[in-house]
Amino acid sequence: MAIEKTDTLIVGGGQAGLAMSEHLGRAGVPHIVLERDRIAERWRTWRWDSLVANGPAWHDRFPTLEFDDVDPDGFAPKERVASYFEEYAKLIEAPIRCGVEVRRVTRNAGRPGFTIETSAGVIEAERVVAATGPFQKPVIPAILPEDAGVTQLHSASYRNPGQLPEGAVLVVGAGSSGVQIADELARAGRKVYLSVGPHDRPPRAYRGRDYCWWLGVLGLWDLATPPAGAEHVTISVSGAHGGHTVDFRALAAQGITLVGRTDGYEAGKVSFAQNLAETIARGDANYLSVLDAADEYAARNGLDLPEEPQARMIGPDPDCMTRPLTGLDLKEAGVSTVLWATGFALDYGWLQVDAFDANGQPEHQRGVSKEPGVYFLGLPWLSRRGSSFIWGVWHDARFIADQIGIQRNYMAYEGPEAQAVKSA
């Protein structure tokens, strides 16, 4: 059977893979996009039913396609985000093949390029773009044993409150996913404990502008590296219910019991770090720093934006913050489910090339791997803070497409000997 050949193979048919396809298509680079499931599958089956985008529709999109049925300042439901990417694939005529899994990529010996083994056969490509994004392998910390007597699931498997057994729920993780799920469970009448770790807590909107706008004009989306010690700090923000600023004190007033970071388990009892108040205070400081920067920017540029002094009002600490629980006996508290909103790990087991450091992390500069011909796209902080967001990945893809074009030009050069033969 003849082996199919192409210039560039893109692995992944989500936002990263499609952005890469658009830029390669514009540049006239032959390529194929392989997606093991459906376009934007993570938005379909790795998200809960009520999820909406965390950024407004005017911002969380590609420059070349708007949402035609979502208010620009609204938040698109997850199904609409998935269909948006389907529309986008048709718009750019992406050469995408769904239902094809990439099983192994190896460098060719003694000749350029790579051999890609897939569920549909073998492909050879000069270049490979790993566009599988950051949500590859759900992470559940090894804290609770399997026989702890409770249902354990990751946020990637959560769909709605009715899915869970009756009883209280401990939600571990207070980033956007953990906070929104905890809020949904509390609104459904569940008793909820929310385990809070380090986080940034930006305002949803301030002085008439969404925080996505403020981060843009303040240059914060373009930060090249995270602040020291903030590499694993999550962002607590929500687009649910029309979008609102996450307020942990308001969640406590709603009936959610805030606890510290979950850090141990013994004899049926979960233990919590005793720095809950300090952790929330650091989130408050981050929130106020955004307001300070926004006020300074507005004054410096003479922007006629309504002042919002009430945004600086922070309510009193609830009892669960002033007298935090040191631990929780799961059975005694009636906890039937521990839901881990604890993020994801990368999984590049299929990419068997010299592109990783000693810890198994991709080694690259702005997505250009140390392995010539291999590129990464869609990862957090790939080139900037916005790299894993929809609009950010589009700009990173444009840079990588330029790098691919540069390498193609070098390889097309035939040298003075060939030029002499042609002119003879």
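Note: the structure precedes this text.
Residues numbered from 1 in each chain as written. Predicted model: local features only at pLDDT ≥ 70, side-chain atom pairs only at ≥ 80, totals over all residues. Heavy atoms only, no water.

Participant: Lay out the sheet that holds strand β16 (residues 262–266) in plain terms, naming residues and giving numbers.
Facilitator: With antiparallel pairing, three strands are arranged side by side in an open sheet as β16-β17-β18. Two strands bound the open sheet, and with one partner strand each, they are β16 and β18 (327–329). Pairs of neighbouring strands in the sheet enclose a mean axial angle of 20 degrees, with direction left out of account. (Pairing = 2+ DSSP bridges. Helix = DSSP H or I, 4+ residues; strand = E, 2+ residues; numbered from the N terminus. Axes fitted to C-alpha atoms, helices over the stretch in contact; angles between N-to-C directions.)

Participant: With reference to specific residues and values, describe the pattern of salt bridges.
Facilitator: Scanning the entire structure with this criterion turns up 30 salt bridges. The shortest N-O distance in the salt bridge between Glu79 and Lys78 comes to 3.7 Å. By relative accessible area, which is 46% here, Glu79 ends up partly exposed. Here Lys78 falls in the buried class, since its relative accessible area comes to 5%. Residue Lys370 pairs with Asp354 through a salt bridge whose shortest N-O separation is 3.4 Å. Of this pair, Lys370 sits in the loop between β22 (368–369) and β23 (374–376) while Asp354 sits in the loop between β20 (344–345) and β21 (364–365); the two residues are 16 residues apart in sequence, bridging distant segments of the chain. When salt bridges with common partners are traced through the structure, they connect Asp68, Asp69, Arg80 and Glu87 into a single cluster. (Salt bridge = Lys/Arg side-chain N within 4 Å of Asp/Glu carboxyl O. Buried < 20%, exposed > 50% of the residue type's maximum accessible area, 1.4 Å probe, protein only.)

Participant: A description of the sheet that holds strand β19 (residues 335–340) should follow, citing residues and the corresponding values.
Facilitator: Across the sheet, which stays open at both edges, the five strands sit in the order β8-β19-β9-β10-β15 with parallel pairing between neighbours. On the outer flanks of this sheet lie β8 (151–154) and β15 (257–259), each paired with one strand and no other. Mean inter-strand twist for the sheet, computed between neighbouring axes without regard to direction, equals 20 degrees. Sheet analysis places strand β9 (residues 168–172) next to strand β10 (residues 192–195), joined by four bridges and oriented parallel. When the sheet's bridge partners are listed, Leu170 is paired in β10 with Tyr193. Running at roughly 170 degrees to β10, helix α4 (residues 176–187) makes contact with β9, β10 and β19 of the sheet. (Contact = heavy atoms within 4.5 Å.)

Participant: Can you lay out unusual backbone geometry for me, pointing to particular residues and giving the numbers?
Facilitator: Of note in this structure, Glu93 is not a glycine but carries a positive phi near 55 degrees. Mapped onto the secondary structure, Glu93 falls in the loop between α3 (78–91) and β3 (96–98). For His241, which is not glycine, the phi dihedral falls at a positive 55 degrees. By secondary structure assignment, the location of His241 is in the loop between β14 (234–235) and α6 (248–253). His241 sits in the exposed class, given a relative accessible area of 55%.

Participant: With reference to specific residues and values, describe empty space enclosed by the protein.
Facilitator: In the structure shown here, the tally under the stated rule is one cavity of 30 Å³ or more. What the largest cavity holds in volume is close to 30 Å³. (1 Å grid on protein atoms, 1.4 Å probe; cavity = no way out; pocket = protein on both sides within 12 Å on 5 of 7 lines; lining within 4 Å. Points joined across faces, edges and corners; volume = space filled by probe spheres on them.)

Participant: Any chance you could break down the packing of helix α1 (residues 15–26) against α3 for me, citing the residues and the numbers?
Facilitator: Where α1 meets α3, the closest approach of the two axes is 10 Å, and the angle between their N-to-C directions is 20 degrees. Between α1 and α3, the crossing angle belongs to the class labelled roughly parallel. Crossing hand, α1 versus α3: left-handed. Between α1 and α3, the residues in contact are Gln15, Leu18, Ala19 and Glu22 and Phe85, Tyr88 and Ala89, respectively. Of the residues that constitute the contact of α1 with α3, the class distribution is five nonpolar, one polar and one charged. (Parallel < 35°, antiparallel > 145°, perpendicular 65-115°, else oblique. Left-handed = near helix turned anticlockwise from the far one by under 90°. Nonpolar A, V, L, I, M, F, W, Y, C, P; charged D, E, K, R; others polar.)

Participant: With reference to specific residues and values, describe the side chain of Ser238.
Facilitator: Relative to the helices and strands, Ser238 is located in the loop between β14 and α6. In this structure Ser238 comes out as buried when scored by relative accessible area, which is 1%.

Participant: Now, about the packing of α1 against helix α9 (residues 390–412): what can you tell me, with residues and values included?
Facilitator: One way to put it is that α1 packs onto α9 with a least axis distance of 8 Å and a crossing angle of 40 degrees. If you check the angle between α1 and α9, you find them oblique. Taken as a pair, α1 and α9 cross one another with a handedness that is right-handed. Residues Gln15, Ala16, Ala19, Met20, Glu22, His23, Leu24 and Arg26 of α1 pack against Ile390, Val393, Trp394, Ala397, Arg398, Ile400, Ala401 and Ile404 of α9. Broken down by class, the residue content of the contact of α1 with α9 amounts to eleven nonpolar, two polar and three charged.

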